[in-house]
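Next come the chains, spelled out residue by residue.
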Amino acid sequence: MSTWWLYHCDPHLNALLDADTGPFSACSPTDGHTAYPHPPLPVEPSDPAMWTGTAFMAREDEPGR
């Protein structure tokens, strides 16, 4: 369990709770949350050919498909 605290929890909490750049940096216990404290991440459309591989095809033998 101590390995999890050292190598998983601690680095992730450091990034999440960073007062300057973390996702909660604009949160305040008294004022609440701002709608958009940081600009949204850039998004580019993907190439449609990327989604035609066999990994993205539904299989006939999968339940619910």
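Above this text is the structure in question.
What you see is a predicted model; the values in this text were computed from it and never measured.

Visitor: Hey, could you go over the overall build of the chain for me, with residue numbers and the actual values?
Guide: Of regular secondary structure, the chain possesses 1 helix and 0 strands. A total of about 6300 Å² of accessible surface is found on the chain, and carbon and sulfur atoms cover 62% of it.

Visitor: Residues and numbers for the packing of aromatic side chains, please.
Guide: Enumeration over the complete set of coordinates arrives at 2 aromatic pairs. Between the aromatic rings of W4 and W5, the centroid separation amounts to 4.9 Å while the plane-to-plane angle is 80°, which identifies the pairing as edge-to-face. Residue W5 is classed as partly exposed on the basis of its relative accessible area of 46%.

Visitor: Explain helix α1 (residues 2–16) to me, and be specific about the residues and the numbers.
Guide: Taking 1.5 Å of rise per residue, 15 residues should cover 21 Å, and α1 covers 20 Å from first to last C-alpha, within 8% of that figure. For α1, the principal kink sits at C9 and spans about 35°; a proline, P11, occurs within the next four residues.

Visitor: Run through the environment of T34, naming residues and quoting values.
Guide: Position of T34 among the secondary structure elements: in the segment after α1. Remark: the alpha-carbon pair of T34 and F24, spanning 10 residues in sequence, is separated by 9.8 Å.

Visitor: Help me get a handle on a nonpolar patch on the surface, residues and values and all.
Guide: A cluster of nonpolar side chains, contributed by L13, L16, L17 and F24, occupies part of the molecular surface with about 380 Å² of accessible area. Considering the arrangement of structural elements, one finds L16 in helix α1. For L16, a relative accessible area of 37% puts it in the partly exposed group.

Calculation rules
Residues numbered from 1 in each chain as written. Predicted model: local features only at pLDDT ≥ 70, side-chain atom pairs only at ≥ 80, totals over all residues. Heavy atoms only, no water. Helix = DSSP H or I, 4+ residues; strand = E, 2+ residues; numbered from the N terminus. Areas by Shrake-Rupley, 256 points an atom, 1.4 Å probe, with all protein chains shown as cover. Phe/Tyr/Trp six-rings, centres within 6.5 Å; stacked < 30°, edge-to-face > 60°. Buried < 20%, exposed > 50% of the residue type's maximum accessible area, 1.4 Å probe, protein only. Expected span 1.5 Å × (residues − 1). Bend = angle between axes of the 7 residues up to and from the residue. Patch = residues over 30% accessible without salt bridge, like charges linked within 9 Å, V, L, I, M, F, W, Y side chains within 5 Å. Salt bridge = Lys/Arg side-chain N within 4 Å of Asp/Glu carboxyl O.

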